[in-house]
Each structure stands twice: as C-alpha cells, then as structure tokens.
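Summary of the model geometry
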Amino acid sequence: MWLLLGILIGIIALGIIWWASKSNTSLQWYDWVIGLAGLAMLLFTVQNYFASVAEGESKVASMFLLVAGLPALILLAVVWQLVIRRVKKA
C-alpha cells in the first residue's frame, strides 16, 4: 500500500511542477513548506488511522482523524487558496 501511495504522491508532485512551469506560475518557498507540512501530517494521519483500526481501537482512530487530519486538510487548503489567488491576480 505504501509503495502505491508513494508512486501516487510522486505523480501528483510531478503534475504540480509540470503545471506550474507550463502556466508560468511561481510557487513561493512558503507554499512548498506549508504544502509539505500538510502532506506529512496527512500521511501521518493515514498511517495512524489504519494502525489504530488494525489494533481494534476504532474510537482512537476516529479521534486521530479529527485531531491530526483536519489540520492537515486545512494546511493543504491554505496552500491551494494561496496559489489560486496568485494565479487569478496575474
């Protein structure tokens, strides 16, 4: 599963880099930092969710989705909005 997830993340990262160079969009350094932090938190959340479910701790798994997954999605949404607004302004 993790191999396929890594391949998927690589394809998505390549697509983002290709899109940014093709559309002449500049991604700032803080876009990359916030995006990588959000992605790391999201992967951490997914791993801990499946581990908790495998151990039979369904309440812990759902709480971890809320505690770590929601901030990860918020960080990724912030990066998305920053890039979209920069594209619309240009």
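Starting from 1, residues in each chain are numbered consecutively following that chain's sequence as written. Per-residue local features of the predicted model are confined to residues with pLDDT of at least 70, and side-chain atom pairs are confined, for both listing and counting, to 80 or more; whole-chain, interface and lining totals are unaffected and use all residues. To obtain the side-chain values, all non-hydrogen atoms of the structure were used and water was disregarded.

1. A few points about the pattern of salt bridges
Put simply, a salt bridge is a Lys or Arg side-chain nitrogen that is within 4 Å of an Asp or Glu carboxyl oxygen. Across all of its chains, the model carries one salt bridge by this definition. With a shortest N-O distance of 2.7 Å, D31 and R86 are connected by a salt bridge. Pair noted here: D31 is in helix 2 (residues 29-54) and R86 is in helix 3 (residues 58-89), with a separation of 55 residues, a long-range link. A run of H or I in DSSP becomes a helix once it reaches four residues, and a run of E becomes a strand once it reaches two; helices and strands are each numbered from the N terminus.

2. Points about the packing of aromatic side chains
Ring pairs are drawn from Phe, Tyr and Trp, using the six-membered ring of Trp, whenever the two centres fall within 6.5 Å, and their geometry is named by plane angle: stacked under 30 degrees, edge-to-face over 60, tilted for the rest. A full pass over the atoms with the stated rule returns three aromatic pairs. Plain terms: the ring middles of W29 and Y30 are 5.8 Å apart, the flat faces sit at 80 degrees to each other, and that makes the pair edge-to-face. Between buried and exposed lies partly exposed: a residue is buried under 20% and exposed over 50% of the maximum accessible area for its type, with that area taken using a 1.4 Å probe on protein chains only. With relative accessibility at 32%, the residue Y30 sits in the partly exposed group. Arranged with centres 5.5 Å apart and planes meeting at 70 degrees, the rings of Y49 and F50 form a pair that is edge-to-face.

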